[in-house]
Amino acid sequence: MNVFTTNNDLLSETALGFLNINYNNGFSSGLSRSFNPARFSYTFSRKIDSGMEKYEPLENMVYLYKLHGSISWVESDDNSFFNIKEIDVAPCQTPPKNNVLIYPTPLKQNKSLGSPYADLIREFQTKLLLQHGVLIVIGYSFSDEHINNAIYAALASNPSLSVVIFGNYSPSENLTKLTDRRIYQIYGEFEPTIKEEAKAIKIHYFDYIVNKLIPDLDKGRDSDLLEDFIRSLKLARGDK
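Residues numbered from 1 in each chain as written. Predicted model: local features only at pLDDT ≥ 70, side-chain atom pairs only at ≥ 80, totals over all residues. Heavy atoms only, no water.

Some words on the environment of asparagine 149
Relative to the elements of secondary structure, asparagine 149 occurs in helix H4 (residues 145-157). Residue classification places asparagine 149 among the partly exposed residues on the basis of a relative accessible area of 42%. C-alpha of asparagine 149 to C-alpha of glutamine 125: the two residues are 24 residues apart in sequence and 9.7 Å apart in space. (Helix = DSSP H or I, 4+ residues; strand = E, 2+ residues; numbered from the N terminus. Buried < 20%, exposed > 50% of the residue type's maximum accessible area, 1.4 Å probe, protein only.)

Looking at the pairing of strand S7 (residues 69-75)
The element S7 is extensively covered by neighbouring structure, given that six of its seven residues are classed as buried. Across three bridges, the pairing between S7 and strand S8 (residues 84-86) is antiparallel. Opposite glutamate 75, over in S8, you have isoleucine 84 as the bridge partner. (Pairing = 2+ DSSP bridges.)

Some details on the sheet that holds strand S10 (residues 134-138)
Note on sheets: strands pair through backbone hydrogen bonds, and any given pair is parallel or antiparallel. In space, the three strands of this open sheet follow the order S10-S11-S12, with parallel pairing throughout. With partners counted over all chains shown, the strands left at the sheet margins are S10 and strand S12 (183-186), one partner each. This sheet shows a mean twist of 15° between the axes of neighbouring strands, independent of strand direction. Here S10 runs beside strand S11 (residues 162-166); their pairing, made up of five bridges, is parallel. When the sheet's bridge partners are listed, valine 134 is paired in S11 with serine 162. (Axes fitted to C-alpha atoms, helices over the stretch in contact; angles between N-to-C directions.)

A closer look at unusual backbone geometry
Phi is mostly negative for residues that are not glycine, and the peptide bonds are mostly trans. Phi is positive for asparagine 20, which is not a glycine, with a value near 60°. When its relative accessible area of 63% is taken as the criterion, asparagine 20 is described as exposed. Here phenylalanine 142, not a glycine, exhibits a phi torsion of approximately 60°, which is positive. For phenylalanine 142, the location among the structural elements is in the loop between S10 and H4.

A look at the packing of aromatic side chains
If you walk through the whole model with that rule in mind, you get seven aromatic pairs. When the centroid spacing of 5.8 Å and the interplanar angle of 35° are considered together, the rings of phenylalanine 35 and tryptophan 73 count as tilted. Of this pair, phenylalanine 35 sits in the loop between strand S3 (33-34) and strand S4 (45-49) while tryptophan 73 sits in strand S7, and the two are 38 residues apart along the sequence. Through successive ring pairs, a cluster of aromatic residues spans Phe4, Phe40, Tyr65 and Phe124. (Phe/Tyr/Trp six-rings, centres within 6.5 Å; stacked < 30°, edge-to-face > 60°.)

Structural notes on a nonpolar patch on the surface
Residues Val134, Ile136, Ile138, Phe206, Val210 and Ile214 make up a contiguous nonpolar surface patch of roughly 560 Å² in combined accessible area. Of all the secondary-structure elements, those providing two or more residues to the nonpolar patch are S10 and helix H5 (206-213). Per element, the largest residue contribution to the nonpolar patch is three residues, and it comes from S10. Tracing the backbone shows isoleucine 136 in strand S10. (Patch = residues over 30% accessible without salt bridge, like charges linked within 9 Å, V, L, I, M, F, W, Y side chains within 5 Å. Areas by Shrake-Rupley, 256 points an atom, 1.4 Å probe, with all protein chains shown as cover. Salt bridge = Lys/Arg side-chain N within 4 Å of Asp/Glu carboxyl O.)

Thoughts on the nonpolar core
Among the nonpolar cores identified, the biggest contains 28 residues, and Leu128, Ile151, Val163 and Ile165 are the most heavily contacted of them. Looking at this core, the elements that each hand over two or more residues are strand S6 (61-66), helix H3 (117-128), S10, H4 and S11. Once residues lying within four places of it in the same chain are set aside, the contact partners of leucine 128 are Leu135, Ala150, Ile151, Ala154, Asn158 and Leu161. The next biggest cluster of nonpolar side chains, apart from the first, holds eight residues, and it includes Val164, Phe166, Phe190 and Leu213. (Core = buried A, V, L, I, M, F, W, Y, C linked by side-chain atoms within 4.5 Å. Contact = heavy atoms within 4.5 Å.)

Rendered as structure tokens:
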């Protein structure tokens, strides 16, 4: 799984660590963790036959791309290729001043053209060109033109790409203004069946996506996932 985020906090790393999920964020391991985008092409695998050179990739693996940098990335002068290191930052610790990240200012578009951001965007473009790929968009405001342009270019050159957008955007705000059958927008709300619930439930909010739309792999499921998904959408729209 490839996860691209514009957030520069440590939420993703914290969640992955809590769930004991292996992830690759482009940094080497060890005490001095240096950035090298070539690591995104590495496949982590295990040996399945002790007598032969036979391996299989680890299934529980996430490739994490922080397109705007991170509060845990700092500039370094250790003569590495990109002069960027990853350090340990405690939740309540003040981030160091030599951070490598893009702040949400009018100048962020120009800053995104430099390293390492250009390298991360290039990885994003490469993944969008994979055959039969699906880009799932959650919580993104479509306010970064360099990211939007990468998606537009991929839709123009990759006919097998699909884009699923969770959110209630107006047609003038994002990709939903395109009349393209490969773009799906999922949103809506329905009144809760439990009396204790005071507010309508929005199906495009993160908690509903996690608790209702994503299957629980720890539970036995007799019904088909697609049928469950369609049933959930019909329920949200008030259909029978």
